[in-house]
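Chain by chain, the residues run as shown.
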Amino acid sequence: MYLAYMGKQGLRAVAELCYHKAHYAAAKIAELAGYQVVNYAPFFNEFPVRCPRPVARDQHGTAEQGHLGRL
C-alpha cells in the first residue's frame, strides 16, 4: 500500500538509492583487512562477504552499533 504513495518515480529513486548504498558498503567492506566481498554475479542490494573469523562475533558487534546482518 505504501509503495503506491511513492509513485513510479519515487519507487525508482528508492531502488537506485538502495543499489548505490549497497555497492558503497561492499567497496568499504572489501577495504577491510581479512574481509572479501564474494562477487560471483552482479548484485542489487545484497552480497556475500567472506570473513576472517566466525560471523556470529561480527554480527553481535554490528547489532550493538545498530546495523543488521544475516547469516
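The rules behind the values
Residues numbered from 1 in each chain as written. Predicted model: local features only at pLDDT ≥ 70, side-chain atom pairs only at ≥ 80, totals over all residues. Heavy atoms only, no water. Patch = residues over 30% accessible without salt bridge, like charges linked within 9 Å, V, L, I, M, F, W, Y side chains within 5 Å. Areas by Shrake-Rupley, 256 points an atom, 1.4 Å probe, with all protein chains shown as cover. Salt bridge = Lys/Arg side-chain N within 4 Å of Asp/Glu carboxyl O. Helix = DSSP H or I, 4+ residues; strand = E, 2+ residues; numbered from the N terminus. Buried < 20%, exposed > 50% of the residue type's maximum accessible area, 1.4 Å probe, protein only. Phe/Tyr/Trp six-rings, centres within 6.5 Å; stacked < 30°, edge-to-face > 60°.

**Student:** Quick question: what am I supposed to make of a nonpolar patch on the surface here?
**Tutor:** Together, Leu3, Met6, Leu11 and Val14 give the surface a local cluster of nonpolar side chains, amounting to about 330 Å² of exposed area. With respect to the helices, strands and loops of the structure, Leu11 is situated in helix α1 (residues 2-30). Residue class for Leu11 comes out partly exposed when judged on its relative accessible area of 40%.

**Student:** Teacher, can you tell me more about the environment of Leu32 here?
**Tutor:** Tracing the sequence through the fold places Leu32 in the loop between α1 and β1 (36-37). When the C-alpha positions of Leu32 and Cys51 are compared, they lie 9.8 Å apart, and in sequence the two are 19 residues distant.

**Student:** Even after reading the chapter, I still don't get the pattern of salt bridges, so can you show me in this structure?
**Tutor:** Working definition: two side chains of opposite charge can pair if their charged atoms are close together. Inspection of the entire model under this criterion finds two salt bridges. The partner of Glu16 in a salt bridge is Arg12, and the shortest N-O contact between them spans 3.0 Å. Taken together, the positions of Glu16 and Arg12, both in helix α1 and four residues apart, correspond to about one turn of that helix. Owing to a relative accessible area of 36%, Glu16 belongs among the partly exposed residues under this scheme. The partner of Lys28 in a salt bridge is Glu31, with the nearest N and O atoms 3.9 Å apart.

**Student:** Help me understand the packing of aromatic side chains, please; the structure alone is not making it clear to me.
**Tutor:** The geometry of an aromatic ring pair comes down to the distance between the two centres and the angle between the two planes. One pass over the full model with this rule turns up two aromatic pairs. Here Tyr19 and Phe44 contribute two aromatic rings whose centre-to-centre distance is 6.4 Å and whose plane-to-plane angle is 40°, an arrangement assigned as tilted. In this pair, Tyr19 is assigned in helix α1 and Phe44 in the loop between β1 and β2 (49-50), connecting sequence segments 25 residues apart. Classification of Tyr19 as partly exposed rests on a relative accessible area of 34%.

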